[in-house]
Amino acid sequence: MLSERRLQVLRAIVQDYVGTEEPVGSKALTERHNLGVSPATVRNDMAALEDEGYIAQPHTSAGRIPTDKGYRLFVDKLAGVKPMTAPERRAIQNFLDGAVDLDDVVARTVRLLAQLTRQVAVVQYPSLTRSTVRHVELLSLAPARLMLVLITDTGRVEQRMVDCPAPFGETSLADLRARLNSRVAGRRFTDVPRLVEDLPEAFDVEDRGTVSTVLSTLLETLVEENEERLMIGGTANLTRFGHDFPLTIRPVLEALEEQVVLLKLLGEAGDSGMTVRIGHENAYEGLNSTSVVSVGYGSGGEAVAKLGVVGPTRMDYPGTMGAVRAVARYVGQILAES
């Protein structure tokens, strides 16, 4: 374990390098930070930090820069994330409050995160596997044609057309709507198949074919939408950090186009805690020069999806973590109220 003083020196190096983009020397550290020791002691501490792999020397004449291992220790030992100011919190709330539906919430969240952190923002749509049914609406479009509308607790709305094997009257439709909602409203998606399997038997023989068709459309909707969706924004922000990527920005951009890669990066949606993956901790090679900060969001204290940012390892971690956490909290509130 590092001594508290060496940890203080490492913190100062990270802060200066993130702020100035320049390798940090012992003289500059002593002048900028009240470390309470001589430049010679700081030099010794830096040599020890380098020996242990927390910092490195990019060129023979240069100062030192943090390594992935150095950033990891810095993040693990953070006393706290940087809180948002009151005006920032108001701006977040006002911007997100204007959203009209779930797609708009996700789109606004992506734009907001990208602006606040000046990184690439990634927001996962609420996962249906962790959602509950709020309501199922059935509308008659023609004697043998219905529209099924599924509304989730996170505000997601899915619509499907249903072609019935025979005409289906308004009375039967109202009966099916009532019976279906009494069984599935407020229940987890994963429970729905079990809850509706014997529903056709509650209807007259001539209506059972249509009831079965409606149910199979509903169940297909649940399965179809199991495929996770993402929205990404702020990719242009990466161009500001061109020099932070060793050779070229292209592997990062290619990785960001891979939805599967991004979903893995964000991690399991059910895990609501803050996750910071730094450099080579990202299994995907194209992202070895980036850091990913993500957190779960949801209503009622349970995460239904993740959101986060991708940027260079030379990142303002306390500020980025604070912004990601604050936005996640507001999105969760909106979902709870929607």
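Note that the coordinates shown come from a computational prediction; the quantities given were computed from them, not determined experimentally.

A. The arrangement of the pattern of salt bridges in detail. The final tally for this structure, using the stated rule, is 17 salt bridges. The salt bridge partner of Glu21 is Arg314, with a shortest N-O separation of 3.7 Å. One end of the pair, Glu21, is in the loop between α1 (4-20) and α2 (26-32); the other, Arg314, is in the loop between β10 (305-312) and α12 (317-337), and 293 residues separate them in sequence. By relative accessible area, which is 38% here, Glu21 ends up partly exposed. When the shortest N-O distance is used, the salt bridge between Glu50 and Arg64 registers 2.7 Å. Highlighted residues: Glu50 in helix α3 (residues 39-51) and Arg64 in the loop between β1 (55-56) and β2 (65-66), separated in sequence by 14 residues. For Arg64, a relative accessible area of 19% gives the class buried.

B. Representation of the sheet that holds strand β4 (residues 133-142) within the structure. Spatially, the three strands line up as an open sheet ordered β4-β5-β6, and their pairing is antiparallel. In the strand order of this sheet, the two ends are held by β4 and β6 (157-163), each with one partner. Going from strand to strand, the sheet's axes swing by 20° on average, the running direction of each strand aside. Here seven bridges tie strand β5 (residues 145-152) to β6, and the two strands are oriented antiparallel to one another. When the bridges of β6 are listed, Leu150 appears paired with Glu158. This element, helix α7 (residues 170-184), spans β4 and β5 of the sheet and lies at about 165° to β4.

C. Structural detail: the pairing of β6. The alternating pattern of β6 places Glu158, Arg160 and Val162 on a buried face and Val157, Gln159, Met161 and Asp163 on a face that is not buried. Connecting the antiparallel pair β5 and β6 is a turn made up of four residues, with Gly155 showing a positive phi of about 90°.

D. Molecular detail of the packing of helix α4 (residues 68-76) against α12. Following both chains from N to C, one finds α4 and α12 inclined at 55°, their axes separated by 10 Å at the closest point. With respect to α12, the axis of α4 lies oblique. Between α4 and α12 the crossing geometry is right-handed. Facing α4, whose interface residues are Tyr71, Phe74 and Val75, α12 presents Tyr317, Pro318 and Met321.

Calculation criteria
- Residues numbered from 1 in each chain as written.
- Predicted model: local features only at pLDDT ≥ 70, side-chain atom pairs only at ≥ 80, totals over all residues.
- Heavy atoms only, no water.
- Salt bridge = Lys/Arg side-chain N within 4 Å of Asp/Glu carboxyl O.
- Helix = DSSP H or I, 4+ residues; strand = E, 2+ residues; numbered from the N terminus.
- Buried < 20%, exposed > 50% of the residue type's maximum accessible area, 1.4 Å probe, protein only.
- Pairing = 2+ DSSP bridges.
- Axes fitted to C-alpha atoms, helices over the stretch in contact; angles between N-to-C directions.
- Contact = heavy atoms within 4.5 Å.
- Parallel < 35°, antiparallel > 145°, perpendicular 65-115°, else oblique.
- Left-handed = near helix turned anticlockwise from the far one by under 90°.

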